[in-house]
Amino acid sequence: PARARRLLFSQLFQPFNLQVGGEAGWEGRPGEPLCRSQKLMLQGGLIHPASPGCYYYLPPTVRAMEKLVKVMDEEMQAVGGQKLNMPSLSSAELWCASGRWEQMGPELFRLADRHGKRYCLGPTHEEAVTELVAAHGNLSYKQLPLRLYQVTRKFRDEPKPRFGLLRGREFYMKDMYTFDASEEAARQTYDLVCDAYRSLFDRLGLRFVKVRAATGSIGGTVSHEFQLPADVGEDRLVLCPDGHFAANVETLNGEQTSCPTCREKLTQTRGIEVGHTFYLGTKYSSVSNAVFLSPKNKPQLAEMGCYGLGVTRILAASIEVLSKEDSIRWPSLIAPYQVCFIPPKKGSKEEEEGAALLERVYDDLTEALPHLAGDSVLDDRTQLTIGKRLKDANKLGYPYVVIAGKRVCEDPPVFEVWNQNTGEVLFLTKEGVIELMSKVQVP
């Protein structure tokens, strides 16, 4: 029964090809440059191209994504978020009423049903959520603030999808929509959600900058982007070296070269946008008549904000900024699997004793730390050398690798443990391995 519970490497659906060169025309457009995350995710069997800008997410990616969503849920619920789910098909009437049916142009995927009724596939859900809240017109000020969010697929007809999950036509996003009784309350909500985003990126160990941003087609009067600095980023940013000022270049009038606060020279960098926040005011609530009853029992328009985090984009961007050229590094918290066990090579003198001892460590570890049961993989490809399997484990980004090597036949048996994120190698007994793994966090 214990063996049935073990996750065997050979049975995982992760058809990786770690030998593929970076120039292969995976995307059907030979010669187009691939960025690091795209190359590593394709080689590592994490994604598989379906059509331009659309991918199959393979099981390890889905595991990482589900962990990331759990962390997002914790942060959103800590600020009073309530999770819902809205239809991907959104009526054209809603979008025409807000003016965005025309404004969004060809980015909207548009379609008609058999009765000729027009729809779009939602790239975002301001219209839909406002309509939902407006439909419950007896809201009282006592029920506010209302903070509703979802994690769902979004669609955008990108003219040039590129860089794998960094710019796709179909992607996952966490989007929150807030309704407050006054502008002051809405701005407090804004700060609160921005702090939750900060907490999320800190927990993931990702260095980010929050920059002033344009409101674009979503609208509103205040907007910030959360950016991961990266050479491959499509946004140009200017930053004050002392942290007083940060902006997306598109928000600046002319060439601003010094910080408005301390006059220091601004530095330029590129970034990958992974989050975006907007204070919307009554832009959407006035269209749908989303009102609440004030303390004087008068109907009053709700003040709104909206807040997005790119789920699949954060996955790719984190691989982009943390990884080495040829090996994936995940934020430890959301790695698909936390630990890989490597038994001795078939035919080696450690084979018989070492394999049994390593399996016992696996079983004892998952018994002592049940939360790691689904996070432990046994690399049963014993026809390969330990070195070859260690190299693969390193490329695929397991945070920990436990090896039954030469010292496994000592008394007591000693295992070689690689911490891939720090590069340190420890030699530990079974108890030492379990103690080390007890510190590992899984959402």
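Quick caveat: nothing in here was measured; it's all calculated off a predicted structure.

## Brief notes about the packing of aromatic side chains
Thought 1: One pass over the structure, following the stated rule, counts nine aromatic pairs.
Thought 2: Judged by centre distance (5.4 Å) and plane angle (70°), the ring pair of Tyr197 and Phe226 falls under edge-to-face. Of this pair, Tyr197 sits in helix α7 (residues 183-204) while Phe226 sits in strand β11 (residues 222-229), placing them 29 residues apart in sequence.
Thought 3: Looking at Tyr197, the relative accessible area reads 0%, which means it is buried.
Thought 4: For the ring pair Phe341 and Tyr362, a centre distance of 5.1 Å and an interplane angle of 50° mean the geometry is tilted. Of the two residues, Phe341 is situated in strand β18 (residues 339-342) and Tyr362 in helix α10 (residues 351-368); the sequence distance between them amounts to 21 residues.
Thought 5: Overall, the relative accessible area of 1% leaves Tyr362 in the buried class.
Thought 6: Through pairs of rings, three or more aromatic residues link up here, namely Tyr197, Phe201, Phe208 and Phe226.
Thought 7: Positioned above the aromatic ring of Trp101 is the side chain of Arg110, whose terminal nitrogen or guanidinium carbon lies 4.7 Å from the ring centre.
Thought 8: The ring of Tyr119 carries the charged tip of Lys117 above its face, separated from the ring centre by 5.5 Å.

## Quick notes on the side chain of Asp379
Thought 1: By the element assignment, Asp379 lies in the loop between β19 (376-378) and α11 (386-396).
Thought 2: You can call Asp379 buried: its relative accessible area is 0%.
Thought 3: Within polar-contact distance, the side chain of Asp379 engages the side chain of Arg381 at 2.9 Å.
Thought 4: The residues touching Asp379, leaving out its near neighbours within four places in the chain, are Phe9, Cys340, Phe341, Ile342, Pro343 and Arg389.

## Quick word on the UniProt feature "domain: Aminoacyl-transfer RNA synthetases class-II family profile" (unreviewed entry) in the chain
Thought 1: Those residues carrying the UniProt feature "domain: Aminoacyl-transfer RNA synthetases class-II family profile" (unreviewed entry) are residues 66-331 in this numbering.
Thought 2: Along residues 66-331 one finds 27% helix and 31% strand; the C-alpha atoms at either end are 14 Å apart.

## Observations concerning helix α3 (residues 59-78)
Thought 1: For α3, with 20 residues, the first-to-last C-alpha span of 29 Å sits near the 28 Å given by 1.5 Å per residue.
Thought 2: Taken together, the buried positions of α3 are occupied by Pro60, Thr61, Ala64, Met65, Lys67, Leu68, Val69, Val71, Met72, Asp73, Glu75 and Met76.
Thought 3: At the C-terminal side of α3, Gly80 shows a positive phi close to 85°.

## As for the pattern of salt bridges
Thought 1: This structure, assessed with the given rule, holds 26 salt bridges.
Thought 2: Arg203 is the partner of Glu74 in a salt bridge, and the nearest nitrogen-oxygen pair spans 2.6 Å. Placement of Glu74 in helix α3 and of Arg203 in helix α7 is noted, with a sequence separation of 129 residues between them.
Thought 3: A salt bridge links Arg153 to Glu170, with the shortest nitrogen-to-oxygen separation between them at 2.3 Å. With a gap of 17 residues between them, Arg153 in strand β8 (residues 146-155) and Glu170 in strand β9 (residues 170-180) connect regions that are remote in the sequence.
Thought 4: With a relative accessible area of 29%, Arg153 lands in the partly exposed category.
Thought 5: Here Glu170 falls in the partly exposed class, since its relative accessible area comes to 24%.
Thought 6: Each of the salt bridges in this network shares a partner with another, and the network as a whole consists of Glu158, Arg162, Arg167 and Glu234.

So, how was this worked out
Residues numbered from 1 in each chain as written. Predicted model: local features only at pLDDT ≥ 70, side-chain atom pairs only at ≥ 80, totals over all residues. Heavy atoms only, no water. Phe/Tyr/Trp six-rings, centres within 6.5 Å; stacked < 30°, edge-to-face > 60°. Helix = DSSP H or I, 4+ residues; strand = E, 2+ residues; numbered from the N terminus. Buried < 20%, exposed > 50% of the residue type's maximum accessible area, 1.4 Å probe, protein only. Lys NZ or Arg CZ within 6 Å of the ring centre and 35° of its normal. Polar contact = N/O pair within 3.5 Å; in protein donor to acceptor, adjacent residues only side chain to side chain. Contact = heavy atoms within 4.5 Å. UniProt positions renumbered as here; feature names shortened; annotations may be inferred. Expected span 1.5 Å × (residues − 1). Salt bridge = Lys/Arg side-chain N within 4 Å of Asp/Glu carboxyl O.

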